Amino acid sequence: MKIALIKSYSSKPWRSKETYNLIENSLKKNWEVFPISTSTQNVLINNLIRLKSDGRGRLFVFNIAEFLDDDSKEDFIPGILEMLKTPHLGSSAKAIQKGLDKGITKQILELHKIPTPKYFKCYGDESILLEQAKAIGFPLIVKPIKEGGHIGITEKSIVHDYESLEIAVEDVFDKYDQPALVEEFLTGSGMREFSVGIMDGKTRQFAPIEIDYDSMNVGEKILSYEAAQQDLEKVKPVREKRVLNEINSLAERTFDAIGANDYSRIDIRMDHSGFYVLEINVMPGLGPKSFLPEAMKNLYGLDHGQFIRKLTMESIERQF
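So, here's what we can say about the structure. (Residues numbered from 1 in each chain as written. Predicted model: local features only at pLDDT ≥ 70, side-chain atom pairs only at ≥ 80, totals over all residues. Heavy atoms only, no water.)

## Regarding the sheet that holds strand S9 (residues 180-184)
Part 1: Spatially, S6-S9-S7-S8 is the arrangement adopted by the four strands of the open sheet, whose pairing is antiparallel. The open sheet has two free edges, formed respectively by strand S6 (119-122) and strand S8 (158-159), since each of these has just one partner strand.
Part 2: Contacting S6, strand S7 (140-144) and S9, helix H5 (residues 102-111) runs over the sheet at an angle of about 150° to S6.
Part 3: Here helix H7 (residues 162-176) sits on the sheet and contacts S6, S7, S8 and S9; the angle it forms with S7, its principal contact strand, is near 10°. (Pairing = 2+ DSSP bridges. Helix = DSSP H or I, 4+ residues; strand = E, 2+ residues; numbered from the N terminus. Contact = heavy atoms within 4.5 Å. Axes fitted to C-alpha atoms, helices over the stretch in contact; angles between N-to-C directions.)

## Some details on the packing of helix H1 (residues 17-28) against helix H11 (residues 304-319)
Part 1: At their nearest, the axes of H1 and H11 sit 9 Å apart, and the two run at 65° to each other. One element, H1, and the other, H11, form an angle in the roughly perpendicular class. Of the two elements, H1 crosses H11, and the hand of that crossing is right-handed. Packed against H1, whose contacting residues are Leu22, Ile23, Ser26 and Leu27, the element H11 presents His304, Gly305, Ile308, Arg309 and Thr312 at the interface.
Part 2: Taken together, the residues of the contact of H1 with H11 break down into four nonpolar, four polar and one charged. (Parallel < 35°, antiparallel > 145°, perpendicular 65-115°, else oblique. Left-handed = near helix turned anticlockwise from the far one by under 90°. Nonpolar A, V, L, I, M, F, W, Y, C, P; charged D, E, K, R; others polar.)

## Regarding the pairing of S9
Part 1: Most of S9 is tucked away, with four of its five residues classed as buried.
Part 2: Sheet topology places S6 next to S9; four bridges connect them, and they run antiparallel. Bridging across to S9, Cys122 finds its partner in Ala180.
Part 3: Sheet analysis places S7 next to S9, joined by five bridges and oriented antiparallel. (Buried < 20%, exposed > 50% of the residue type's maximum accessible area, 1.4 Å probe, protein only.)

## Considering the nonpolar core
Part 1: Judged by nonpolar contacts, the single largest core of 75 residues is most densely connected at Leu48, Phe62, Leu286 and Phe307.
Part 2: By residue number, the principal contributor to this core is helix H9 (residues 241-258), which donates seven residues.
Part 3: Setting aside anything within four residues of it in sequence, one finds Leu48 in contact with Ala4, Ile36, Leu59, Val61, Leu81 and Leu84.
Part 4: Counting residues in hydrophobic clusters, the runner-up holds 14 residues, among them Leu129, Val159, Leu165 and Val172. (Core = buried A, V, L, I, M, F, W, Y, C linked by side-chain atoms within 4.5 Å.)

## A closer look at the packing of aromatic side chains
Part 1: In total, this model carries three aromatic pairs according to the counting rule given.
Part 2: Between Phe194 and Phe275, the aromatic rings sit 6.4 Å apart at their centres with planes inclined by 35°, giving tilted as the arrangement. Of this pair, Phe194 sits in strand S10 (residues 192-199) while Phe275 is found in strand S14 (residues 274-281), placing the two residues 81 residues apart along the sequence.
Part 3: Classification of Phe194 as buried rests on a relative accessible area of 0%.
Part 4: Under the relative-accessibility criterion, Phe275 is labelled buried at 9%.
Part 5: Sitting above the plane of the Tyr9 ring, Lys17 keeps its charged end 5.8 Å from the centroid.
Part 6: The side chain of Arg265 reaches across the aromatic face of Phe291, ending 4.5 Å from its centre. (Phe/Tyr/Trp six-rings, centres within 6.5 Å; stacked < 30°, edge-to-face > 60°. Lys NZ or Arg CZ within 6 Å of the ring centre and 35° of its normal.)

## Considering the side chain of Lys7
Part 1: Structurally, Lys7 is set in the loop between strand S1 (2-6) and H1.
Part 2: Here Glu24 takes part through its side chain, which lies 2.6 Å from a polar atom of the side chain of Lys7.
Part 3: Those residues in contact with Lys7 that lie beyond four places of it in its chain are Tyr20, Asn21, Glu24, Pro35, Ile36, Ser37 and Thr38. (Polar contact = N/O pair within 3.5 Å; in protein donor to acceptor, adjacent residues only side chain to side chain.)

## A look at unusual backbone geometry
Part 1: In this model, Phe138 is joined to Pro139 through a cis peptide bond whose omega is 0°.
Part 2: Notably, Asp75 is not glycine yet its phi reads approximately 65°, a positive angle.
Part 3: Among the structural elements, Asp75 can be located in strand S5 (residues 74-76).
Part 4: Owing to a relative accessible area of 23%, Asp75 belongs among the partly exposed residues under this scheme.
Part 5: In this structure, Asp177 takes a positive phi of about 50° despite not being glycine.
Part 6: You can call Asp177 exposed: its relative accessible area is 70%.

## Considering the pattern of salt bridges
Part 1: Across all of its chains, the model carries 24 salt bridges by this definition.
Part 2: Residues Lys12 and Asp70 are paired through a salt bridge, measuring 3.2 Å at the closest nitrogen-oxygen approach. You can see Lys12 sitting in the loop between S1 and H1 and its partner Asp70 sitting in the loop between strand S4 (67-69) and S5, a full 58 residues away along the chain.
Part 3: The shortest N-O distance in the salt bridge between Glu183 and Lys143 comes to 3.0 Å. In this pair, Glu183 is assigned in strand S9 and Lys143 in strand S7, connecting sequence segments 40 residues apart.
Part 4: Given a relative accessible area of 1%, Glu183 falls into the buried group.
Part 5: Given a relative accessible area of 6%, Lys143 falls into the buried group.
Part 6: One continuous salt-bridge network, built from bridges that share partners, spans Lys106, Lys143, Glu183 and Glu279. (Salt bridge = Lys/Arg side-chain N within 4 Å of Asp/Glu carboxyl O.)

Have a look at this one:
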């Protein structure tokens, strides 16, 4: 077995040169690794075709990026790999595309009767914006519908009146040129937020943690883009059995409803009325400080290299 490691660099810390070098060194302990570093689709395809046909064994692709060009959202890597019929780490192109669109994700959650905060999609028709907002009630949170990694989430995303809602929606249109998801903002004294990582294989392992907002220097209890970029996120273990059972069950149902494979991260909030799935990150970061590797280390004793190799082996066994 040989592994092609696609290195698609970006400003995200989990896709830095340092992260890719750590991953490459981890994989080399078990397999022959062939790094491919390019932002050009034809170069990627030609390299993969050459590796597939060189007669030196089967090829598996380790990829952690949605796009070759992260800024333009062009050259969808999972789609390229499936076109070439090449086994790769992670979910199918179809499942990843579902997870990348918060509106589609919400529709799937509703279809499978998985509780999620009330919401509506805003395409710029101000005539019905107030009516839809009143049907849910303030406060609301406004998010770009097709961005991950907390992109577009700031403290100004939380709105308490119609004027602030208009500004936040227009900000999404102007900055990201896409619709906005306007969602009920769960808050109050009983509010808690969790993230549940899943590593899927012969056995499915859950890595649940709670966001420790009390230890974070934030005005609003949200995971903003700034907090994510600066590694300001603080977490703590979840110890109550009832809570663990509930969030793990919701995470598993979401993982299966989306049709994910190998690994994912599911964000969940609770308030006085119950537990609600916010979204799924089908391709969460796999850097040494990213949530899922850190949680697997704390809960299962796997260091970063061990986690990368285990994740890869489980994926290879699933597909071969």
